[in-house]
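# Report on the structure
Read off the chains here:
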Amino acid sequence: VQLQASGGGLVQAGGSLRVSCAASGLTVASYNWAWFRQAPGKEREFVSAVSRIGDRTYYADSVKGRFTISKDNAQNTVYLQMNSLKPSDTAVYFCAGTLVIPAQAMGLMRYYEYWGQGTQVTVSS
């Protein structure tokens, strides 16, 4: 199984980026997915998640209304669209997938089996 994260980069505050997580060795449609991020000197934190069948999405309060998680089963890829970016969004972004997870645990790292390598997002002020 491989999760290849991409799409990070340098953007000015207020700008947008879309990060992608391309999966191989598993079928995106069969899994629950999440994005986490880790800023320098800080712990990894939950950003967003989407349920296996895509009927439920979850967002951290800090990104609600600005970020959108989605998945394209045909492309076997998970996305995170990030708008109105702030310097505080600067971090390495990781995608993660799991086959089974309680709804109330979608934001908990320990439930996720597979992790991508991360992609750097830097937002300048």
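In what follows, the structure referred to is the one given above.
First, a word on what this report is: a plain description of the structure on this page. Only a predicted model underlies this, so the values are computations on that prediction, with no experimental measurement involved. (Residues numbered from 1 in each chain as written. Predicted model: local features only at pLDDT ≥ 70, side-chain atom pairs only at ≥ 80, totals over all residues. Heavy atoms only, no water.)

### Considerations on the overall build of the chain
When helices and strands are counted, the chain shows 0 helices and 11 strands. Each helix and strand of the chain, placed in order from N terminus to C terminus, yields the pattern β-β-β-β-β-β-β-β-β-β-β. By the compact-globule yardstick of 14 Å for 125 residues, the chain fits well, its C-alpha radius of gyration being 13 Å. Projecting the C-alpha coordinates of the chain onto the three principal axes gives extents of approximately 40 × 25 × 25 Å. Out of the 125 residues in the chain, the part that is buried amounts to 45%. Contacts in the chain between residues at least 24 apart in sequence constitute 58% of all its contacts with a sequence separation of at least 6. In the structure as shown, the chain presents an accessible area of about 6200 Å², 47% of it carried by carbon and sulfur atoms. Charged side chains of the chain number 11 positive and 7 negative; the gap between the two group centres comes to 2 Å. (Helix = DSSP H or I, 4+ residues; strand = E, 2+ residues; numbered from the N terminus. Rg over C-alpha atoms; globule rule 2.2 N^0.38 Å. Buried < 20%, exposed > 50% of the residue type's maximum accessible area, 1.4 Å probe, protein only. Contact = heavy atoms within 4.5 Å. Areas by Shrake-Rupley, 256 points an atom, 1.4 Å probe, with all protein chains shown as cover. Lys, Arg positive; Asp, Glu negative; His and termini not counted. Charge placed at Lys NZ, Arg CZ, Asp CG, Glu CD.)

### Some thoughts on the packing of aromatic side chains
Under the definition given, this model contains 6 aromatic pairs. When the ring of phenylalanine 36 is compared with that of tyrosine 112, the centres are 5.5 Å apart and the planes differ by 75°; the resulting orientation is edge-to-face. Of this pair, phenylalanine 36 sits in strand β4 (residues 32–38) while tyrosine 112 sits in the loop between β9 (91–98) and β10 (114–115); the two residues are 76 residues apart in sequence, bridging distant segments of the chain. For phenylalanine 36, a relative accessible area of 1% gives the class buried. (Phe/Tyr/Trp six-rings, centres within 6.5 Å; stacked < 30°, edge-to-face > 60°.)

### What about the pairing of strand β7 (residues 67–72)?
Residues Phe67, Ile69 and Lys71 of β7 are buried on one face, while the alternating residues Thr68, Ser70 and Asp72, pointing to the opposite face, are not. Pairing between β7 and strand β8 (residues 77–82): 6 bridges, direction antiparallel. Within the sheet, the bridge partner assigned to threonine 68 lies in β8 and is glutamine 81. Where β7 hands over to β8, the hairpin turn is made up of 4 residues, of which asparagine 76 adopts a positive phi near 55°. (Pairing = 2+ DSSP bridges.)

### What about the sheet that holds strand β3 (residues 17–24)?
An order of β1-β3-β8-β7 is seen for the 4 strands of this open sheet, with the pairing classed as antiparallel. Strands with a single pairing partner mark the edges of an open sheet, and in this sheet they are β1 (2–6) and β7. The average angle at which neighbouring strand axes cross in this sheet is 15°, direction not considered. Both β3 and β8 contribute to a ladder of 6 bridges, which runs antiparallel. (Axes fitted to C-alpha atoms, helices over the stretch in contact; angles between N-to-C directions.)

### Some remarks on the nonpolar core
Counting 36 residues, the largest nonpolar core has Trp33, Trp35, Phe67, Leu80, Met82, Tyr93 and Tyr112 as the members making the most contacts within it. Elements represented by at least two residues in this core include exactly β3, β4, β5 (45–50), β7, β8, β9 and β11 (119–124). (Core = buried A, V, L, I, M, F, W, Y, C linked by side-chain atoms within 4.5 Å.)

### Details of the environment of threonine 68
Along the chain, the position of threonine 68 falls in strand β7. Classification of threonine 68 by relative accessible area gives partly exposed; the value is 41%. Sequence spacing of threonine 68 and serine 48 is 20 residues, and the spatial spacing of their C-alpha atoms is 7.9 Å. If we skip the residues at most four places from it in the chain, threonine 68 touches Tyr59, Tyr79, Leu80 and Gln81.

That is the geometry; function is a separate question.
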